[in-house]
Amino acid sequence: MTMPRRRPGRPRRDETRPTREVVLTVATALFAERGFDAVGLRDVAAAAGVDVATVAHHTGTKAALYDACFARVFAAERAVLTEAAQQARSALDAGPDAARRALHDLVDVFVDFLEDRPETTGLWLRRWLEPHRHAELDQRYAEPLYRLVAQLLTAAAATGALVEPTPHITVRSLVWATHGHVVALAAGAQEHREFRSFVHRFLDGLYPTPSP
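The structure displayed is predicted, hence computed values, not measured ones. Residue indices begin from 1 for each chain and proceed along its sequence in written order. Local features in a predicted model are, by the rule used here, given only for residues with pLDDT of at least 70; side-chain atom pairs are given and counted only at 80 or more, and totals for whole chains, interfaces and linings are based on all residues. Note that the side-chain values use all heavy atoms of the structure and ignore hydrogens as well as water.

Some remarks on the overall build of the protein
In plain terms, the rule: Runs of E in the DSSP output that reach at least two residues are strands. Runs of H or I that reach at least four are helices, and both are numbered from the N terminus. Think of it in three bands: residues with accessible area under 20% of the maximum for their type are buried, residues over 50% are exposed, and the middle band is partly exposed, with areas taken using a 1.4 Å probe on protein chains only.
Secondary structure summary: the protein contains 10 helices and zero strands in total. Each helix and strand of the protein, ordered N terminal to C terminal, gives the series α-α-α-α-α-α-α-α-α-α. Each principal axis of the C-alpha distribution contributes one length, and for the protein these read about 65 × 35 × 30 Å. Going through the 212 residues of the protein one by one, you find that 44% of them count as buried.

Printed below as a string of structure tokens:
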């Protein structure tokens, strides 16, 4: 995956944000572009406009910095998905049609999030290229969100709003499809509307309105 590259030269540090946030922002972009092994603390320091000692002071070892980058994107994603999931759960009491509309809204929120934060996709795809390394990151920063949405689908099925025998597979499939979409956008594709149309047709196919 090709990520936007930093311009040559040492940039001035953004004095309007705390140093740790600046470090995490540039480190996330670097890890997303190059992967864990190809990024050193000196690279992060240069991109952040600080010295290596400052990076180490705020984040510790490179492994700790890597973990902190995942924790940062996880916190942002959890915030938007939790709110959308709560709204969808509230809609379950309003009947099957409202429940299905709420699921469409939740997917839109997820697509919006990844389109606006492509570094999240880059970070995860680099990690998944080596599935047996840093696997604990999945447990901490991916599985909780998968469970959040899978449990919502299970609750919707329990109300009769839809039929869903394998919610975890559905969630995983939508997540991977959306990450693939973000990669395509990074490569220059202009398919925002087309992908959204696909996702909504996908949901309608999975959870059709019952015949009267």
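A look at the pattern of salt bridges
Side chains that differ in charge, positive against negative, can pair when their charged atoms come close. Selection criterion: What makes a salt bridge here is a side-chain nitrogen of Lys or Arg within 4 Å of a carboxyl oxygen of Asp or Glu, nothing more.
Inspection of every chain in the model, using the stated rule, returns 10 salt bridges. The closest approach of N and O atoms between arginine 72 and glutamate 21, which form a salt bridge, is 2.9 Å. Taken together, the positions of arginine 72 in helix H4 (residues 62–91) and glutamate 21 in helix H1 (residues 19–34) put the pair 51 residues apart, joining distant regions of the chain. The class for glutamate 21 is partly exposed, based on a relative accessible area of 28%. A single network of salt bridges, built from pairs that share partners, joins Asp108, Asp112, Glu115 and Arg196.

A word on the nonpolar core
The condition is simple: By nonpolar core is meant a set of buried Ala, Val, Leu, Ile, Met, Phe, Trp, Tyr and Cys residues that side-chain atoms within 4.5 Å join together. The contact criterion used throughout is that any non-hydrogen atoms of two residues lie within 4.5 Å.
Counting 65 residues, the largest nonpolar core has Phe31, Val44, Val55, Leu65 and Leu123 as the members making the most contacts within it. The element contributing the most residues to this core is H4, with 13 residues. Ignoring anything within four residues of it in the chain, the contact list for leucine 123 reads Thr28, Phe31, Ala32, Tyr66, Cys69, Phe70 and Val73.

Examining H1
The periodicity of an α-helix, 3.6 residues per turn, causes residues three or four positions apart to be oriented the same way. Quick note on the threshold: To estimate the expected span of a helix, count its residues, drop one, and scale the result by 1.5 Å.
For H1, with 16 residues, the first-to-last C-alpha span of 22 Å sits near the 22 Å given by 1.5 Å per residue. Residues of H1 that are buried include every one of Thr19, Val22, Val23, Leu24, Val26, Ala27, Thr28, Leu30, Phe31, Ala32 and Glu33, and no others. Buried residues along H1 sit in contact with helix H2 (41–48), helix H3 (52–59), H4 and helix H6 (118–128). Downstream of H1 by a residue or two, glycine 35 has a phi angle that is positive, lying close to 90 degrees.

So, the packing of aromatic side chains
Put simply, the test is: In this scheme Phe, Tyr and Trp rings, the latter by its six-membered ring, pair at centre separations within 6.5 Å, and the angle between planes marks the pair as stacked below 30 degrees, edge-to-face above 60, and tilted otherwise.
Inspection of every chain in the model, using the stated rule, returns 10 aromatic pairs. Arranged with centres 6.1 Å apart and planes meeting at 15 degrees, the rings of phenylalanine 31 and phenylalanine 36 form a pair that is stacked. For the residue pair phenylalanine 31 and phenylalanine 36, the accessibility class agrees, reading buried in each case. A ring pair is formed by phenylalanine 70 and tryptophan 124, whose centres lie 4.8 Å apart and whose planes are at 75 degrees; its orientation type is edge-to-face. Here the residue phenylalanine 70 occupies a position in helix H4, and tryptophan 124 occupies one in helix H6, the gap between them amounting to 54 residues. On the basis of relative accessible area, phenylalanine 70 is assigned to the buried category, the value being 0%.

Regarding unusual backbone geometry
We note that histidine 134 has phi near 55 degrees; this positive angle belongs to a residue other than glycine. Tracing the chain through its elements places histidine 134 in the loop between H6 and helix H7 (136–141).

Observations regarding H2
Defined as follows: The arc in question is traced by the directions running from the helix axis to the C-beta atoms.
All of the buried residues along H2 are Leu41, Val44, Ala45, Ala47 and Ala48. End-on view of H2: buried residues confined to an arc of 165 degrees, all on one side of the axis. In the core, the buried residues of H2 are packed alongside H1, H3 and H4. Once H2 finishes, glycine 49 follows within two positions and takes phi at roughly 75 degrees, a positive value.

Some thoughts on the side chain of threonine 121
The line we're drawing: Any N or O atom pair separated by 3.5 Å or less is treated as a polar contact, with the protein-specific requirement of one donor-capable and one acceptor-capable atom, and with residues adjacent in sequence counted only for side-chain atom pairs.
Among the structural elements, threonine 121 can be located in helix H6. Among the polar contacts made by the side chain of threonine 121, one reaches the side chain of histidine 179 at a distance of 2.7 Å.

Notes on the environment of alanine 71
As for its position among the elements, alanine 71 is in helix H4. Residue alanine 71 is classed as partly exposed on the basis of its relative accessible area, which comes to 25%. Spatially, the C-alpha atoms of alanine 71 and alanine 53 are 22 Å apart, while their sequence positions differ by 18 residues.

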